[in-house]
Amino acid sequence: MKREQIIKRVKEVAKQITAESVEVFTCGAIHPKCALYTIGEVIGAYNRPGKRITPEMLPTELLAYVRGMAQAINGNN
């Protein structure tokens, strides 16, 4: 699965966790790792990160982490 597809799935699963708008941001210093953040502010077409929800990890790890969070919150086994 491509990185863009994984990030799209992370955002879809994150909608189950929080009602806030979220975005996956990548830090250039630790690329290819990324983290899930709330959107702090929108400047034109650019979203600035707000509060970090997850630690930095690879996209596939992030997807598994967010799925686990959703299962824990929703009580699914």
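For the structure, see preceding data.
Scoring rules and cut-offs
- Numbering of residues begins from 1 in every chain and follows the order in which that chain's sequence is written.
- Per-residue local features of the predicted model are confined to residues with pLDDT of at least 70, and side-chain atom pairs are confined, for both listing and counting, to 80 or more; whole-chain, interface and lining totals are unaffected and use all residues.
- As a convention, hydrogens and water are excluded, and side-chain values are obtained from all of the structure's heavy atoms.
- Residues belong to a common nonpolar core when they are buried Ala, Val, Leu, Ile, Met, Phe, Trp, Tyr or Cys residues joined through side-chain atoms within 4.5 Å.
- Relative accessible area decides the class of each residue, using a 1.4 Å probe on protein chains only: under 20% of the type maximum gives buried, over 50% gives exposed, and in between gives partly exposed.
- Runs of E in the DSSP output that reach at least two residues are strands. Runs of H or I that reach at least four are helices, and both are numbered from the N terminus.
- Contact criterion: two residues are considered in contact whenever any of their non-hydrogen atoms come within 4.5 Å of each other.
- By the convention used here, strands pair only if DSSP detects at least 2 bridges between them.

Side chains of a nonpolar character, in soluble globular proteins, are inclined to be buried together. Grouped together as the largest cluster of nonpolar side chains are 14 residues, with contacts concentrated most on Val10, Val24, Leu36, Leu62 and Val66. Residue assignment for this core shows that the elements contributing at least two residues are helix H1 (3–17), strand S1 (22–26), strand S2 (34–43) and helix H2 (59–74). Broken down by element, this core gets its largest block of residues, 5 residues, from H1.

Time to look at the side chain of Thr38. Checked against the element boundaries, Thr38 lands in strand S2. Residue class for Thr38 comes out buried when judged on its relative accessible area of 6%. With residues up to four places along the chain from it excluded, the contact list for Thr38 reads Glu20, Ser21, Val22, Phe25, Arg48, Pro49, Gly50, Lys51 and Ile53.

Bridge count for S2 against strand S3 (residues 46–52) is 5 bridges, and the pairing is antiparallel. Looking at the pairing, Tyr37 lines up with Arg52 of S3. Once S2 ends, the chain turns through 2 residues before running back antiparallel as S3, passing Gly44 with a positive phi of about 65 degrees.

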